[in-house]
Amino acid sequence: MNDKMRRIGVVSAILAFVFCLGGGLWIISKTGLDFGNDAVSTGIGLYFIGKAFFVGPMLLIATRK
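Residues numbered from 1 in each chain as written. Predicted model: local features only at pLDDT ≥ 70, side-chain atom pairs only at ≥ 80, totals over all residues. Heavy atoms only, no water.

Caption draft 1: Region of interest: helix α1 (residues 3–31). Its 29 residues give α1 an end-to-end C-alpha distance of 42 Å, which sits within 8% of 42 Å, the value for a rise of 1.5 Å per residue. Residues G9, V10, A13, A16, C20, G24, I27 and I28 constitute the buried set of α1. Against the buried residues of α1 lie α2 (39–64). Of the residues one or two after α1, G32 is the one with positive phi, at around 80 degrees. (Helix = DSSP H or I, 4+ residues; strand = E, 2+ residues; numbered from the N terminus. Expected span 1.5 Å × (residues − 1). Buried < 20%, exposed > 50% of the residue type's maximum accessible area, 1.4 Å probe, protein only. Contact = heavy atoms within 4.5 Å.)

Quick look at the structure:
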């Protein structure tokens, strides 16, 4: 893998982490952690936060390999 592709991989890993975490936090901030009112939106927000901590590091590991 050449140097340009490694940079693209690292940048995409960082962007994936930031956008997924930001989206999840934004959804949580709009709905709150009150499961009684809108449990589905809270679940989606938590899903995106969890996805951020999986997808970003996995892209980084795949790029560094």
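Caption draft 2: How the structure looks around the packing of aromatic side chains. Applying the stated criterion to the full structure yields two aromatic pairs. With a centroid separation of 5.1 Å and 85 degrees between ring planes, the pair formed by F17 and F53 is classed as edge-to-face. Taken together, the residues F17 in helix α1 and F53 in helix α2 connect sequence positions 36 residues apart. For F53, a relative accessible area of 53% corresponds to the exposed category. An angle of 70 degrees between the planes, with centres 5.5 Å apart, marks the rings of Y47 and F48 as edge-to-face. (Phe/Tyr/Trp six-rings, centres within 6.5 Å; stacked < 30°, edge-to-face > 60°.)

Caption draft 3: View of α2. Taking 1.5 Å per residue, 26 residues should reach 38 Å; α2 reaches 38 Å between its end C-alpha atoms and fits that length. The largest bend along α2 measures about 25 degrees and falls at K51. Turning to α2, the residues buried within the fold contact α1. (Bend = angle between axes of the 7 residues up to and from the residue.)

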